[in-house]
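What follows is the residue order along each chain.
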Amino acid sequence: MSHPASITPSILNCDVAHLATELERIANADGVHVDVMDNHFVPNLSWGLPVAEAVVRSTRLPVDAHLMIEAADRWAPAYAEAGCQVVTPHVEATQAPVRLARELHRLGAQAGLALRPATPLEAVESVLGELDLLLVMTVEPGFGGQQFIEAMLPKIKRARNLISEQNLSVRLQVDGGVSRQTIERAAEAGADTFVAGSAVYRADDALAEVQALRELASAHQH
Ligand SMILES: O=C(CO)[C@H](O)[C@H](O)COP(=O)(O)O
Ligand SMILES: [Co+2]
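Quick notes on the rules
Residues numbered from 1 in each chain as written. Chains lettered and ligands numbered in written order. Predicted model: local features only at pLDDT ≥ 70, side-chain atom pairs only at ≥ 80, totals over all residues. Heavy atoms only, no water. Helix = DSSP H or I, 4+ residues; strand = E, 2+ residues; numbered from the N terminus. Buried < 20%, exposed > 50% of the residue type's maximum accessible area, 1.4 Å probe, protein only. Lys, Arg positive; Asp, Glu negative; His and termini not counted. Salt bridge = Lys/Arg side-chain N within 4 Å of Asp/Glu carboxyl O. Polar contact = N/O pair within 3.5 Å; in protein donor to acceptor, adjacent residues only side chain to side chain. Donors = N, O, S within 2.8 Å, 3.2 Å for Na, K, Ca; no water. Tetrahedral: all angles 85-135°; square planar, octahedral: opposite > 155°, others 65-115°. UniProt positions renumbered as here; feature names shortened; annotations may be inferred. Contact = heavy atoms within 4.5 Å. Phe/Tyr/Trp six-rings, centres within 6.5 Å; stacked < 30°, edge-to-face > 60°. Lys NZ or Arg CZ within 6 Å of the ring centre and 35° of its normal.

Turning to its location among the elements, Asp35 is positioned in strand β2 (residues 32-37). It is Arg116 that comes nearest to the buried, bridge-free Asp35 among opposite-charge side chains, at 12 Å. Separated by 2.9 Å, the side chains of Asp35 and His33 make a polar contact.

The next subject is the coordination of the cobalt ion (ligand 2). Binding of the cobalt ion (ligand 2) to the protein goes through His33 (NE2), Asp35 (OD), His66 (ND1) and Asp175 (OD), at separations of 2.0 to 2.2 Å. Because the angles between the 6 donor atoms bound to the cobalt ion (ligand 2) fall within 72 to 172°, the donor set is best described as octahedral. Between the donor residues of the cobalt ion (ligand 2), the gaps in sequence give the motif H-x1-D-x30-H-x108-D. Of this pair, Asp35 sits in strand β2 while His66 sits in strand β3 (residues 63-68); the two residues are 31 residues apart in sequence, bridging distant segments of the chain. By the burial criterion, Asp35 is buried, and His66 matches it.

Let us look at the UniProt feature "active site" (unreviewed entry) in the protein. Here, the residues flagged by UniProt with the feature "active site" (unreviewed entry) are Asp35 and Asp175. Maximum C-alpha separation among the annotated residues is 10.5 Å over a sequence range of 141 residues, consistent with a single clustered spot. Apart from residues no more than four positions distant in its own chain, Asp35 is found in contact with Ser10, Leu12, Ser46, Trp47, His66, Met68 and Asp175. At 2.7 Å, the side chain of Asp35 and the side chain of Ser10 are in polar contact. Positionally, Asp175 belongs in strand β7 (residues 171-175). Judged by relative accessible area, which is 8%, Asp175 ranks as buried. Excluding residues within four positions of it along the chain, Asp175 makes contact with His33, Asp35, His66, Leu135, Val136, Met137, Thr138, Val139 and Val195. Here the side chain of Asp175 touches His33 through a polar contact of 3.1 Å, side chain to side chain.

Time to look at the packing of aromatic side chains. Evaluated as defined, the whole model comprises 0 aromatic pairs. Over the ring of Trp75 we find Arg74; its NZ or CZ atom is 4.1 Å from the centre of that ring. Above the ring of Phe41, the side-chain terminus of Arg116 is found at 4.1 Å from the ring centroid.

So, in structure tokens, the structure goes:
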């Protein structure tokens, strides 16, 4: 069974000079998605722990930290300590995903795990039971504003089947190119948690966009 559709806007391309105001624009969202990039795991540098801490302090919404960084085992626990509700390192960047998930739980956070588009689901199959959230990337990680990779839809379906077969309640998140044009197909395929950056922040009325995305997703969930 899917969870009710959650919309977690990415602040990657918001106006960081006005962080508090930008967070108010999405006050009706289900969470805030903070993209951490280190210019090694991905060819881009965004921000790290101090900004994640500032976001946690500046919103009542739960914060999910998407860690596009190497040495995830070394750095991810600090994001749990900073008050992020969900911490999502990449499976390609952790040497010990189970130990890391357990460490995140011990620190009071939920444990996520993300897959690049080219990484097969087999990479997480045996550790799904340790997770609260699985993130199937629908763009190559590194930049906002990219086009949704349609070829990820069968992977989302298979991920949903794996979660059901193992009788788990892991959230299935999609991230990258999610908009009114793509969210229905992602929901249909089995995603229940939707990151949308440019679709939300480029809208004149971000609150209305969040609500529209949630309604479209809910209408297409199984
Ligand atoms: O992880 C990410 C990029 O690596 C971002 O979360 C994602 O790109 C969101 O932006 P958009 O909705 O504009 O694609
Ligand atoms: Co992201």
